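Results of the structural survey
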Amino acid sequence: MKKNRYTISVFSENHVGLLQRVTGIFTRRHINIESITISASEIPGVHRFTILIHETEEMAKKVVLQIEKQVEVLKAFFHTDDETVYQEIALYKVPTKAIHKGIRLEQ
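Residues numbered from 1 in each chain as written. Predicted model: local features only at pLDDT ≥ 70, side-chain atom pairs only at ≥ 80, totals over all residues. Heavy atoms only, no water.

**Let's talk about the environment of Phe 77**
- Mapped onto the fold, Phe 77 is located in strand 4 (residues 73-80).
- Judged by its relative accessible area of 35%, Phe 77 falls in the partly exposed class.
- Spatially, the C-alpha atoms of Phe 77 and Val 10 are 6.5 Å apart, while their sequence positions differ by 67 residues.
- With near-sequence residues (within four places) excluded, Phe 77 lies in contact with Thr 7, Ile 8, Ser 9, Phe 11 and Val 64. (Helix = DSSP H or I, 4+ residues; strand = E, 2+ residues; numbered from the N terminus. Buried < 20%, exposed > 50% of the residue type's maximum accessible area, 1.4 Å probe, protein only. Contact = heavy atoms within 4.5 Å.)

**A closer look at the sheet that holds strand 2 (residues 33-40)**
- The 4 strands lie next to each other as 2-3-1-4, forming an open sheet whose pairing is antiparallel. With one partner strand each, in any of the chains shown, strand 2 and strand 4 form the two edges of the open sheet. The sheet shows a mean angle of 15 degrees between the axes of neighbouring strands, taken without regard to direction.
- The pairing of strand 1 (residues 4-13) with strand 4 spans 7 bridges and is antiparallel. By the bridge assignment for strand 4, Ile 8 is matched with Phe 78.
- With respect to the sheet, helix 2 (residues 57-68) is in contact with strand 1, strand 3 (46-55) and strand 4, its orientation differing from that of strand 4 by roughly 170 degrees. (Pairing = 2+ DSSP bridges. Axes fitted to C-alpha atoms, helices over the stretch in contact; angles between N-to-C directions.)

**Focus: the packing of helix 1 (residues 18-28) against helix 2**
- In the contact formed by helix 1 and helix 2, the axes pass within 10 Å of each other and the chain directions differ by 150 degrees. As the angle between them shows, helix 1 and helix 2 are arranged roughly antiparallel. Seen from above, helix 1 lies across helix 2 with right-handed handedness. Seen from helix 1, the contacting residues are Val 22, Ile 25 and Phe 26; seen from helix 2, they are Val 63, Gln 66 and Ile 67.
- When its residues are assigned to classes, the contact of helix 1 with helix 2 shows 5 nonpolar, 1 polar and no charged. (Parallel < 35°, antiparallel > 145°, perpendicular 65-115°, else oblique. Left-handed = near helix turned anticlockwise from the far one by under 90°. Nonpolar A, V, L, I, M, F, W, Y, C, P; charged D, E, K, R; others polar.)

**Examining helix 2**
- Counted at 1.5 Å a residue, the expected span for helix 2 with its 12 residues is 16 Å, and the 17 Å between its end C-alpha atoms agrees.
- Residues of helix 2 that are buried: Ala 60, Val 63, Val 64 and Ile 67. One side of helix 2 holds all its buried residues, which, seen down the axis, span an arc of 100 degrees.
- Those residues of helix 2 that are buried are in contact with strand 1, helix 1, strand 3 and strand 4. (Expected span 1.5 Å × (residues − 1). Arc of directions from axis to C-beta.)

**Thoughts on helix 1**
- Of the residues making up helix 1, those classed as buried are Leu 18, Val 22, Gly 24, Ile 25 and Phe 26.
- For helix 1, the elements touching its buried residues are strand 1, strand 2, strand 3, helix 2 and strand 4.
- Once helix 1 ends, the next one or two residues include His 30, with phi positive near 60 degrees.

**Notes on the side chain of Ser 41**
- Mapped onto the elements, Ser 41 comes out in the loop between strand 2 and strand 3.
- Taking the relative accessible area as the measure of exposure, Ser 41 reaches 15% and is therefore buried.
- A distance of 2.8 Å separates the side chain of Ser 41 from the backbone oxygen of Val 46, its partner in a polar contact.
- Contact partners of Ser 41, with chain neighbours within four places excluded, come to Phe 11, Val 46, His 47 and Arg 48. (Polar contact = N/O pair within 3.5 Å; in protein donor to acceptor, adjacent residues only side chain to side chain.)

Laid out in structure tokens, this is it:
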């Protein structure tokens, strides 16, 4: 079977030890986590795990079902790269002298 890149989104309550249990699911199945990000979501009290893996679709489905069995997990999904929208953010450092002299910066 062909391995693809999948993004797994998990919505959960914020409880101690949940991260360890979720990563343990991947460890037991010998799946490498390429990237993991955890942050608060738009809903108060709900956190989002964004996990990036390189695996078969069948294995991604099994992992999502296993993650959903955790008590604190509200819902888990997996998406392909075609279904994912990426956003890049940049931070620029501009010297104050350039702004003070009236040099206009292009946006």
